[in-house]
Amino acid sequence: MEGETFLWLIRHAAVDGIAGTIHAPDTPADLGDRTQIDALRRCLPPDAMSYASPSRRTVDTARALGLDPALAPEFGEQDFGAWTGQRHDALAAAGGDAYAQFWNDPARGRPPGGESFEDQVARVRKGLAQIGPGPAILVVHSGTIRAALCIALDLAPQAALRFVVDPLSLTRIDRLAASWRVVSVNQRSG
């Protein structure tokens, strides 16, 4: 692919749901932080292509930012399979080995019927390869941004899980001719 690609990766607004839950894709975003949304909108390049995962919270956030994103399933959050919709404390209290084993190796572990973070990195790599040169805005999930950082920095997936990615934060990375450049991570504008 010819040319450089400049990526503005935005984590969706906080989830409008019960904290500590592995939220389903149809869970909405809490768009009450208008100050941060407006500040973030001012940081975005005009006339950039925009993308979002198909999850309701990313689409809601993108629209609040004034974007009309193309939906890209490659940028979805890690699939937690049978654990989706459940609370972490309830899963831990249930005493199942699968939950404990997952957290012993969260990069390679797979929830029942779900995918590993390594699987997500591979999926995000395919999505990034489809974005052409120029500026692009991605309204996505924390795991998606960690996966993109894993790719840009050529990190082991386990190491990429150490990044903090807050709701309504901006991460900037660029795909250059033969390498990547990380401009900022988890930047807050408000």
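Residues numbered from 1 in each chain as written. Predicted model: local features only at pLDDT ≥ 70, side-chain atom pairs only at ≥ 80, totals over all residues. Heavy atoms only, no water.

## Topic: the side chain of Ser184
To be explicit about the condition: A helix here means a DSSP run of H or I that spans at least four residues, while a strand means a run of E at least two residues long, and both kinds are numbered starting from the N terminus. Working definition: with a 1.4 Å probe on protein chains only, accessible area under 20% of the residue-type maximum means buried, over 50% means exposed, and in between means partly exposed. N or O atoms closer than or at 3.5 Å make up a polar contact, with two conditions inside protein: a donor-capable atom paired with an acceptor-capable one, and, for residues adjacent in sequence, both atoms drawn from side chains. We call two residues in contact whenever any of their non-hydrogen atoms come within 4.5 Å of each other.
In this structure, Ser184 sits in strand β6 (residues 180-187). Judged by its relative accessible area of 16%, Ser184 falls in the buried class. Within the structure, the side chain of Ser184 is placed 3.1 Å from the side chain of Gln187, a separation counted as a polar contact. Not counting the four nearest positions on each side in its chain, Ser184 is found in contact with Leu170, Thr171 and Arg172.

## Focus on the pairing of strand β4 (residues 134-140)
Stated formally: At least two DSSP bridges between two strands are needed for those strands to be called paired.
The buried fraction of β4 is high, at six of seven residues. Pairing analysis gives seven bridges linking strand β1 (residues 5-11) to β4, with the strands arranged parallel. Paired with Trp8 across the strands is Ile137, a residue of β4. Bridge count between strand β2 (residues 49-52) and β4: four bridges; the pairing is parallel. When the sheet's bridge partners are listed, Ser50 is paired in β4 with Ile137.

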